[in-house]
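A closer look at the structure
Given next are the chains, with one letter for each unit.
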Amino acid sequence: MALRFFLIEDDPVVRKMLEKLIHESGLGEVVGCAEDGLNVRAADLLHVDVVLIDLLMPGRDGIQTMKALRQEGFRGTFIMISQVENKEMIGQAYLHGIDTYIQKPINRYEVLSVLKRVADHLSAVRSLESIRQVLKGLEPQTADTAVSKPSVMEQQAEQLLLLLGVAGEAGSADVLLVVRWLAEQEAKGQPVRELPPLKELYAELVEREYGLPPGETAKEARAMEQRIRRLVLQAFTHLASLGLTDYTNPTFEHFAPRLFDFGDIRRRMNELERGQMETECRMNVRKFLTAFFFELKRV
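Let us look at the structure shown here. (Residues numbered from 1 in each chain as written. Predicted model: local features only at pLDDT ≥ 70, side-chain atom pairs only at ≥ 80, totals over all residues. Heavy atoms only, no water.)

**A few points about the overall build of the protein**
Summing up its helical and strand segments, the protein has 11 helices and five strands in all. Here the protein holds 299 residues, and the buried ones make up 46% of them. (Helix = DSSP H or I, 4+ residues; strand = E, 2+ residues; numbered from the N terminus. Buried < 20%, exposed > 50% of the residue type's maximum accessible area, 1.4 Å probe, protein only.)

See the structure below:
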């Protein structure tokens, strides 16, 4: 798949090197360049797939530029170019939307590896979207179709739980119930923008799935709450551990800032580095479940 790249980099030598590497790689073409982020607008990036952007630039730095472009509606991929090794600054970049980063000084093999990984990911996303559109056109819109979609999404959820290192957790079955409930709401034409209070949701799921008497329903709903909380904590620690081992790990890069507050992820990494097994971070279970579901929709 030929990608369209845009370079925002104040060093003309680096711009030239990146343009040469992109051309030689056969992954696509550079369709535009800018020496800073001050004069770049989302309207300039209408047909751009990937923006390579310098972290430190005069006038407006890379993070400020990304925030502005996102607010203007740009939905493409950002790759940060950074000579900074400070984890706090790189963490801020992830928090504001980069998909991965390239360390300066520019290394040919690192650049090609990163670009190839991003190209493969975007190609997979586009292929899945094409298949989804074809199937959508072929399938009759019946009640049976609506029922089949959640089961497909549940399979995707199981794969994602495996990727997050929590497939064996007791709460994984409960998360699948939440995914099924959310998928059913969408199938009814009632997409959920924000989850209801979790205690109410758990009680509804328990009552529907198990048909228990009121007293037992409340007890099982509390147990479900604890199981899901433990799963979320395990996923949180797993991602932090991946980041501590390798900040460029693709699972860490993609999911850490999407499923959790990245500031909390950084704090957990520091805790693990100190050998602290228990975390002082508070888990936002609602955010995790909502983001988890939206990640399934991206597949």
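Back to the text.
**Some details on the nonpolar core**
Core analysis: the biggest nonpolar cluster contains 70 residues, and Leu164, Phe260, Phe288, Leu289 and Phe292 have the highest contact counts within it. Among the elements that line this core, the one with the most residues is helix 8 (residues 214-245), at nine residues. A domain-level breakdown of this core finds at least three residues from each of domain 1 (1-123) and domain 2 (150-295). Each residue touching Phe260, except ones within four places of it in the same chain, is listed here: Val232, Ala235, Phe236, Leu239, Phe255, Ile265, Met283, Lys287 and Phe288. (Core = buried A, V, L, I, M, F, W, Y, C linked by side-chain atoms within 4.5 Å. Domains from an automatic or database assignment. Contact = heavy atoms within 4.5 Å.)

**Structural notes on the pattern of salt bridges**
For the structure shown, the criterion picks out 14 salt bridges. A salt bridge links Arg208 to Glu209; the nearest nitrogen and oxygen atoms lie 3.6 Å apart. The exposure class assigned to Glu209 is partly exposed, which follows from its relative accessible area of 30%. Arg267 is the salt-bridge partner of Asp264, the closest N and O atoms lying 2.3 Å from each other. Of this pair, Asp264 and Arg267 both sit in helix 10 (residues 262-273), three residues apart, which is roughly one turn of that helix. The exposure class of Asp264 is buried, given its relative accessible area of 15%. According to the relative accessible area criterion, Arg267 is partly exposed, its value standing at 45%. Within the structure, one salt-bridge network assembled from shared partners comprises Arg180, Glu184, Arg208 and Glu209. (Salt bridge = Lys/Arg side-chain N within 4 Å of Asp/Glu carboxyl O.)

**A closer look at the sheet that holds strand 2 (residues 28-34)**
Here five strands make up an open sheet; going across it, the order is 2-1-3-4-5 and the pairing parallel. The open sheet is flanked by strand 2 and strand 5 (100-103), the only strands paired with a single partner. Within the sheet, the average angular offset between the axes of one strand and its neighbour, ignoring direction, is 25°. Pairing analysis gives five bridges linking strand 3 (residues 50-54) to strand 4 (residues 77-82), with the strands arranged parallel. (Pairing = 2+ DSSP bridges. Axes fitted to C-alpha atoms, helices over the stretch in contact; angles between N-to-C directions.)

**Things to note about the packing of aromatic side chains**
Each aromatic ring pair is specified by the distance between its two centres and by the angle formed by the two planes. Scanning all chains against the criterion turns up seven aromatic pairs. With a centroid separation of 5.3 Å and an interplanar angle of 55°, the aromatic rings of Tyr247 and Phe252 are classed as tilted. Seen from their ring centres, Phe293 and Phe294 are 6.1 Å apart, and the 65° between their planes marks the pair as edge-to-face. Site record: aromatic cluster; members linked through ring pairs are Phe236, Phe260, Phe288 and Phe292. (Phe/Tyr/Trp six-rings, centres within 6.5 Å; stacked < 30°, edge-to-face > 60°.)

**Digging into the packing of helix 8 against helix 9 (residues 250-259)**
Any two packed helices are characterised by how steeply their axes cross, that is the angle between the axes, and by the distance between the axes. At their nearest, the axes of helix 8 and helix 9 sit 9 Å apart, and the two run at 135° to each other. Overall, the two elements helix 8 and helix 9 adopt an arrangement that is oblique. Like other packed secondary-structure pairs, helix 8 and helix 9 cross with a definite hand, here left-handed. Between helix 8 and helix 9, the contacting residues are Leu239, Leu242 and Gly243 on the first element and Thr251, Phe252, Phe255 and Ala256 on the second. Taken together, the residues of the contact of helix 8 with helix 9 break down into five nonpolar, two polar and no charged. (Parallel < 35°, antiparallel > 145°, perpendicular 65-115°, else oblique. Left-handed = near helix turned anticlockwise from the far one by under 90°. Nonpolar A, V, L, I, M, F, W, Y, C, P; charged D, E, K, R; others polar.)

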